[in-house]
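These are the residues of each chain, in order.
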Amino acid sequence: MADWQTISALATAGGTLVLAVATFGAIRSANRSARVSERALLAGMRPLLVQSLNTDPVQKALWSDRHVAKVEGGRAVAEHVDDVIYLVISVRNVGAGIALLHAWNIWPDVYRGDPLAPEAFRRLAIDSYVGSNAAGIWESALRDPSEEAFIGMAQRIREREPFTVDLLYGDQEGGQRTITRFMVLPYGDDGWFAQAPRHWNIDNPAPR
């Protein structure tokens, strides 16, 4: 004779198990969809800076001391005037989102090592933005002649030798921070070219 109480309990347990498995699958699917949506949203906001095109327009840099410099597409500026070294790089944002420049670091050499930690970079005094698929500039200056970087850069400019600039930037909300390395190379008698050979993701997995 069948034990209907036992059969009923087993049927209930089986139904609960099936429901739990279905719920678990639905949750996993929802989480996967949420991650895909989040990645798509972030990709739509992600900037990526490289050197600008040779055909990009000439841009003007203006400092608080009223010094002015003009930089052509694909070029850079490095000027030692009195006790100030003025620096500009013409950049292009090939990413989908607006680039918000945060900070920078300079190496008076052809530097191929890893970049400094973000907190060790030099903060920009003002916010600087580069629109998606648009050209812009990074500009800054060294103003302490006793600083090691100033002394090294003064020599590089005088001797027309290449140097390295690391730029730290992120999306328009300050996330997805990225470091792009620019190599600045002498061109002609007083010109400079810029190239962007490497990128490092700070808040996301590395691209390689």
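Please refer to the structure higher up on the page.
Attention here is on the structure that accompanies the text.

What counts, and where the lines are drawn
Residues numbered from 1 in each chain as written. Predicted model: local features only at pLDDT ≥ 70, side-chain atom pairs only at ≥ 80, totals over all residues. Heavy atoms only, no water. Salt bridge = Lys/Arg side-chain N within 4 Å of Asp/Glu carboxyl O. Buried < 20%, exposed > 50% of the residue type's maximum accessible area, 1.4 Å probe, protein only. Helix = DSSP H or I, 4+ residues; strand = E, 2+ residues; numbered from the N terminus. Phe/Tyr/Trp six-rings, centres within 6.5 Å; stacked < 30°, edge-to-face > 60°. Lys NZ or Arg CZ within 6 Å of the ring centre and 35° of its normal.

Some details on the pattern of salt bridges
- All told, the structure shown has seven salt bridges when counted by the stated rule.
- Here Glu72 ties to Arg75 by a salt bridge, and the two come within 3.7 Å at their closest N and O atoms.
- When its relative accessible area of 43% is taken as the criterion, Glu72 is described as partly exposed.
- Salt-bridge contacts for Arg122 lead to Glu147; the nearest nitrogen and oxygen are separated by 2.3 Å. Of this pair, Arg122 sits in strand S7 (residues 122–130) while Glu147 sits in the loop between strand S8 (134–142) and helix H2 (148–159), placing them 25 residues apart in sequence.
- Residue class for Arg122 comes out partly exposed when judged on its relative accessible area of 24%.
- A relative accessible area of 21% places Glu147 in the partly exposed class.

Observations concerning the packing of aromatic side chains
- Per the stated rule, a full pass over the model turns up five aromatic pairs.
- The interplanar angle of 55° and the centroid separation of 4.6 Å between the aromatic rings of Tyr187 and Phe193 together place this pair among those described as tilted.
- Under the relative-accessibility criterion, Tyr187 is labelled partly exposed at 39%.
- Positioned over the ring face of Trp104 is Arg122, at 5.1 Å from the centre of the ring.
- The aromatic ring of Trp192 is capped on one face by Arg160, whose charged end is 4.5 Å from the ring centroid.

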